[in-house]
Every structure is written in C-alpha cells, then in structure tokens.
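Structure assessment
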Amino acid sequence: MDFLFSYLTLVAIFIILSLSTNLLVGIVGIFSVSQAAIFGLGAYIVGYCLVNDVMSFLPALAVAALASLVLNVLITLPSLRVSGDYFVVTSFGIQLLATAAFTNLTEITGGASGMPGIPPAEFFGLSFDSGFKNFLLAAIAATIASLWFALLMRAPFGRLLRAIREDELAVAAFGKNVLFAKVRAAAIAGVMAGAAGGLYAVYLSFIDPTTFDLNASVLLLTMVVLGGARTLAGSIVGPLVLLALPQLLTFIDIPTTTAAAVRQGIYGLLLILFMVFRPQGLVGEKL
Amino acid sequence: MSATTYLTISGVNKRFGGLQALRDCSFSIGPGKIICLVGPNGAGKTTVFNAITGFLKADSGEVSFKEHRLTGKRPQAIVRLGVARTFQNLRLFTDLTALDNVVSALPDQFGEEPIGATFRPFRTSRAQKALRDRAAAILSDVELSARSDDFVRNLSYGEQKLLSIGRVLATGAELLLLDEPTSGLSGDALESVMALLRRLREQGRSQLVVEHNTRVVQQIADEVLFLHQGHVMAQGHPQTIIADPALAEIYFGGAL
C-alpha cells in the first residue's frame, strides 16, 4: 500500500511539473530544457526554510512559488529575442548553471551530499507525516493545477498562446501584446514548477542536485511528448506511464547502477519513437 | 474630411543594404474608397505596407492616419488606431479552426490575461460566448459560415484568402491594407473576393489593396497608386493610369 501511495504521490507532483512544461513547450512553443531548475529552486527554498526554521510550510511554499515565478520569467525572456533553436541552447546553459549552483552553494543547499531532514508539511494544525497524507496533499495540489490549466486553456488566454506559437507576427498584427502574453505564461509555469518543488521536498524529506539536473528536464519533456502535448490528459498520462517504468524495471534482474542507465536509455528511445511514429503522444496533439 | 487628413505618407525612405526600397515615397488617400497599389515586382508595395503598419522602421519620413502620427509606433498600437493589414502569405493559424482564427483578432477580450481567466471563470466563459458570436457574424460576412469549425489546413486556398480578410475585419480597423487578396484566385473564388471588397466599401471600410490583375483593378478601384522603384509615379483614376503608355511600358515592358 505504501508503495502505491509513494508512486501516486510522485505522479501527482510530476503532473504539476508536466503541466508547467506543457504550458511553455506545448502551448506557447518556448522550448525550455530548464524546467527542472525551477523545480529545484522551489524544493530548495521550502527545504531551507523548514530545516532552518525560517518560516512554516505555507508561507515557504508561497515564497518558493513567487521566486520561481520571477526566475522563470527571467530565464524565458531570452526566448522573446532569440528564437527556436537558439533558445534551446540558452535554456540548456541555464539548466547547467542551476545544477552548478545547487551543487556548489554548500552553505545553503548542502551541496552534492544534499539537504537531509526536511520536516513534513504542517498547516492548519495538520501534519502531513504519513504516506497517505502526503498523497492527499499532492493530489489536492495536482487537482488545483489541472483545473487551473483547464480554465486558462478554455479562456481567450489559451487561444492567444496557441496563436502565438503558430505565428507571433500575425498575433502582433492584430493588436495583441505578444511579450505580455509570453511573460504571463512563463510566470504561471514558474509558479507550478516551484510549488511542485516545495511539495517534493516535504514529501521526500531529502533533496539533492541530481533530482533537478538536465536528466530531470529531459524526463519532463519526455512526459509531455509521450503523454501528448497541449492537452490536460497528456500531462496526466505522461507521468503515470513514465514513473511506472522504474518500478517495472525492478522486476528485471539487473543491478541498480545499471538500472539507472537503462532507464535513461529507455526515455531517450521513447522520445525518438514517439517523435517518429506518434508525434501527438498517447492523448495529445502534434508537438 | 479632406484626403490629406486621412492616411498620409510623406517623404518615406527605406534602404535595405544597397537597395533603395522606398525613395521619397509620398501619397495620401481619402476615406471610404478602394485604392489599388500597383507596380512591377520589387516596386516596394509590401514595403509600403510594412512602413505604414509599423513592421518596418523607415529611415526617414512620416506616416499619419487621421490625427494620429503612426511613425515609430509598434504594430499592435497602430492596429488599435484603426489601420490593420493582411499578409501576402496569409499567416493564418493553421492549427486553429476558422472561427478561432477570427476570434483571435477581436480586440479587448476578457480573459485574455490569466488573472481574469482564473478568478472570474463565469465572466470569462460569457465573454468567450460573446466573442464567438461576433466572430460567427464576421464569418458569415465573408461567406464562410459553413466552414466555421474546420481547421484552416482543410480550407481551400480561396477560403483561406476570405478567412484572412475576415480575420483583419475582426480587428475593427476602419482602414484595411490588403496584400494581394486575389492573387492565385480565379473564377468563383476571385468573384467572391471582389464582391466582398465592394461590400466592405459600402460598409465604410477604406481599403488600400496591392493588386496585380489589371482587370480586377478596373473593376474595384476608385483610385490607383502607381509605385515604381519605391516612388509614387502617378495617382489617379484607374482608366487614366492603365491607359498611360509610359506606365504601361514600366509595368509590362511594352504597351498594352
């Protein structure tokens, strides 16, 4: 049972991350490979605040979301000037920078050995100290994020973002402010990824830089591609399938060190196969 | 209103490297008319459009529309002042439906920013319905009601042309700059675009139209601007311009 809750809690957290990535990459077409950096920022802020008793969980989560909003807007800004391929390179650099910061700001993050002993979330007199309670917390957050995503996509805002992905120039020609729309989308994606980071920190009680590295960003992209871009369902199916994969690999008799490499290999292979044979993913639209 | 207080371009120059695309380009047009902008390939017709609508910064010169100075303003500001354009290569949103293409161009949409869309979902969905109704009325004006829910990629070329005009109508602009609205069309599709432009003129929409087909020019234009090497060589009644042997020599490399 614990195993199931642990899987579902991670799925819920990654649904929020997938929605964030889907919004930027799928809907607006800003091809970010640095969403894990934002995820990490949120996790480290909440972890730091709780470990050092700076503030309690909810305010820490709010600070994490706000900081992630600001950082995501800042790192998305180059996409307003450099287009397509060039932005991927910029975003790649940002991801490497973030990993370097998480690893080397030892005083704050604990460096490569990580940040242990993050206490469970507590608010309104409730303590989320069991697997089931953590699952509830993550599930509620994922539900809110999903409703938010659906609401935005049904609104004129969603159509504006889709139009921007197709032809920015045409959108500007009709009197719309492309810059504002992109900044707003980046802000929302930032809030989602940062909040997911906070939930991840209190759930696992231990975080280290490897969780928020380039591989994690690639995993998020894989979730969006495999689940299906631009749809809510895609961002739910992606994490459900891809997080089940490591569990399935445990049934195969290979050493754990090899398993990690095999997993990365499978992610890569899935990306290629889906791009070639089913670009719309399982339940989405063509990226 | 006199012609000089509607759209006025004065002394606009634009150089691309070694090419002088616009050379002391000046003209003014009055409201409520269809003005055809003609000239050989490379005359600078699209560059004129780009300079008026803010897609291109002219090296020098002034553009004004009614009491507004357009020079130096960004495209989105110019649309709000009432001047909107179409593109030669249409630039439709191919992954959106015909209806959504038109809705996209409607101004001042509630729920176009996330705060309203998040905290006032019911108002957003009422607004969304109203927007769709307005867009449906525009689609009906351009005779595309039957294709409302079809994706742009499934529309014929003629339908896409009509849709691009529908989309520019949605901006609410009173002066429309149409870049080759009839190119590549023939038969019924050509007739329906010409009929549409005439209907729009009756509704009071002024149009500056880049047009290559002299037959179309004769049928729809109130006035013709002849552009050559970035300079307006002549402006006047279509018959006069087309009959001018010097202009025909430039346009066709020989007399008509």
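Residues numbered from 1 in each chain as written. Chains lettered and ligands numbered in written order. Predicted model: local features only at pLDDT ≥ 70, side-chain atom pairs only at ≥ 80, totals over all residues.

Quick notes on the sheet that holds strand S9 (residues 223-228) of chain B
All names here are of chain B. Applied cut-off: For two strands to pair, DSSP has to find at least two bridges joining them. The helix and strand labels rest on DSSP assignments: H or I over at least four residues marks a helix, E over at least two residues marks a strand, and numbering proceeds from the N terminus. A fitted line through C-alpha atoms represents every axis, and for helices the fit uses only the stretch in contact; the resulting angles, taken between N-to-C directions, go from 0 to 180 degrees. A residue pair is marked as a contact if its C-beta atoms, positioned from the backbone, fall within 7 Å.
The mixed open sheet is built from 6 strands, whose spatial order is S6-S7-S8-S3-S9-S10. Edge strands, defined here as strands with exactly one partner in the open sheet, are strand S6 (83-85) and strand S10 (231-236). Each neighbouring strand pair of the sheet contributes to a mean axis angle of 20°, computed without reference to strand direction. Against the sheet, helix H1 (residues 45-53) engages strand S3 (34-38), S6, strand S7 (175-179), strand S8 (206-210) and S9, with an angle of about 145° to S7.

Quick look at the pairing of S3(B)
Residues and elements named next belong to chain B. Test applied: To assign burial, the other C-beta atoms lying within 10 Å of each residue's own C-beta are counted, with C-beta atoms placed from the backbone; 20 or more indicates buried, 12 or fewer indicates exposed, and intermediate counts indicate partly exposed.
Where burial is concerned, most of S3 is hidden: 5 out of the 5 residues are buried. Alternating positions in S3 separate into two faces, Ile-34, Cys-36 and Val-38 on one and Ile-35 and Leu-37 on the other, with burial throughout. Alignment of S3 against S8, held across 4 bridges, turns out to be parallel. Across the sheet, residue Leu-37 finds its bridge partner in S8, namely Val-210. Relative to S9, S3 runs parallel, the two sharing 4 bridges. Across the sheet, residue Val-38 finds its bridge partner in S9, namely Phe-226.

Topic: the packing of helix H11 (residues 214-227) of chain A against helix H13 (residues 256-277) of chain A
Residue and element names in this part refer to chain A. Rules: Take the far helix as your reference; a near helix turned counterclockwise from it by less than a right angle gives a left-handed crossing, and one turned clockwise gives a right-handed crossing. Residues are grouped as follows: Ala, Val, Leu, Ile, Met, Phe, Trp, Tyr, Cys and Pro are nonpolar; Asp, Glu, Lys and Arg are charged; every other residue, Gly included, is polar.
Two numbers describe how H11 lies on H13: the axes approach to 10 Å, and their chain directions differ by 35°. Read as a crossing pair, H11 and H13 show a hand that is left-handed. Of H13, the residues touching H11 (which contributes Asn-215, Val-218, Leu-219, Thr-222, Val-225 and Leu-226) are Gln-264, Tyr-267, Leu-270, Leu-271, Phe-274 and Met-275. Here the residues of the contact of H11 with H13 sort into 9 nonpolar, 3 polar and no charged.

Let's talk about helix H12 (residues 232-249) of chain A
Residues and elements named next belong to chain A. Using the following cut-off: Every helix has an expected span of 1.5 Å times one less than the residues it contains.
Look at H12: 27 Å from first C-alpha to last across 18 residues, which is about the 26 Å you get at 1.5 Å a residue. For H12, every residue scored as buried is listed here: Leu-232, Gly-234, Ser-235, Ile-236, Val-237, Gly-238, Pro-239 and Leu-242. Buried residues along H12 sit in contact with helix H1 (2-28), helix H7 (131-154) and H11.

Examining the sheet that holds strand S5 (residues 68-69) of chain B
All names here are of chain B. Reading across the sheet, the 4 strands line up as S2-S1-S4-S5 and stay open at both edges, with antiparallel pairing between neighbours. This sheet does not close on itself; its edge strands, each paired only once, are strand S2 (19-29) and S5. Sheet analysis places strand S1 (residues 7-16) next to strand S4 (residues 60-65), joined by 5 bridges and oriented antiparallel. Along S4, the bridge assignment pairs Leu-7 with Phe-65. This element, H1, spans S1, S2 and S4 of the sheet and lies at about 65° to S2.

Quick word on unusual backbone geometry
One non-glycine residue, Phe124(A), adopts positive backbone phi at about 50°. The topology assignment puts Phe124(A) in the loop between strand S1 (122-123) and strand S2 (126-127). C-beta crowding within 10 Å serves as the criterion here: with 5 such atoms nearby, Phe124(A) is assigned to the exposed category. Its identity as a non-glycine residue notwithstanding, Lys66(B) has a phi of 50°, on the positive side.

With respect to helix H5 (residues 121-141) of chain B
Note that an α-helix has 3.6 residues per turn; residues three or four places apart therefore point the same way. Keep this limit in mind: The arc in question is the one traced by the directions running from the helix axis out to the C-beta atoms.
Over its 21 residues, H5(B) extends 30 Å from the first C-alpha to the last, a length consistent with the 30 Å expected when each residue adds 1.5 Å. Along H5(B), the positions that sit buried rather than exposed are Thr124(B), Ala127(B), Gln128(B), Leu131(B), Ala135(B), Ile138(B) and Leu139(B). Seen from one end, H5(B) has its buried residues packed into an arc of 120°, which puts them on one side. Facing away from the buried side of H5(B) by over 90 degrees, the exposed positions are Phe122(B), Lys129(B), Asp133(B) and Ala137(B). Check the buried side of H5(B) and you find it contacts helix H8 (156-166) of chain A together with helix H3 (98-105), helix H4 (114-119) and helix H6 (157-170) of chain B.

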